[in-house]
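One letter stands for each residue in the lines below.
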Amino acid sequence: MMVEKTLCIIKPNAVVDNNIGNIILRYESEGLRIAAAKFTHLSKEKAEGFYIEHKGKPFFGSLVNFMTSGPVLLLVLEGEEAIKRNRDIMGSTNPAEAQPGTLRKMYARSLEQNAVHGSDSQVSAKREVAYFFDENEVFTRF
């Protein structure tokens, strides 16, 4: 199996709803480790840059507004097949379609306010981790 790193963002609704601890506990209980963590409030420019691939889509402005509406917790998760495992733990992007027990089923308010973000590929994970973290901020335990 391959050890990977992936980005997770605990979104403003999950922070405001006091679910940070529950979400981290879930990741750790599933064998993923926290390699980096940063609590921040995204600026409009930072959010727009992160979601640049969605620029021009009808939901872009609303997504940026939501992601800048409150603090987020940025995490780098590490473990064997971390990208796939994180996606499985999060559940479907649309919480109405998410399996019971997934983070989005338990903590999302809506499709937009779906509690967590996770990288969808190795290429995305590398880009997303580097977007928020310097190399010296990410620790490897292997």
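Please refer to the structure higher up on the page.
Note that the coordinates shown come from a computational prediction; the quantities given were computed from them, not determined experimentally. (Residues numbered from 1 in each chain as written. Predicted model: local features only at pLDDT ≥ 70, side-chain atom pairs only at ≥ 80, totals over all residues. Heavy atoms only, no water.)

Attention now moves to the environment of Asn13. Topologically, Asn13 is positioned in helix 1 (residues 12–16). Since its relative accessible area comes to 2%, Asn13 is described here as buried. Asn13 sits 109 residues away from Gln122 along the chain, and the two C-alpha atoms are 26 Å apart. Excluding anything up to four places from it in sequence, Asn13 contacts Phe66, Tyr107, Ala108, Arg109, Gln113, Asn114 and Ala115. Only 3.2 Å separates the side chain of Asn13 from the backbone oxygen of Gln113, close enough to count as a polar contact. (Helix = DSSP H or I, 4+ residues; strand = E, 2+ residues; numbered from the N terminus. Buried < 20%, exposed > 50% of the residue type's maximum accessible area, 1.4 Å probe, protein only. Contact = heavy atoms within 4.5 Å. Polar contact = N/O pair within 3.5 Å; in protein donor to acceptor, adjacent residues only side chain to side chain.)

The next subject is the pairing of strand 3 (residues 72–80). Taken across its nine residues, strand 3 has eight buried, putting it largely inside the fold. Pairing of strand 1 (residues 3–10) with strand 3 involves eight bridges; the strand directions are antiparallel. Paired with Lys5 across the bridge in strand 3 is Glu78. Here strand 2 (residues 33–40) runs beside strand 3; their pairing, made up of seven bridges, is antiparallel. Bridge pairing in strand 3 places Ile34 opposite Leu77. (Pairing = 2+ DSSP bridges.)

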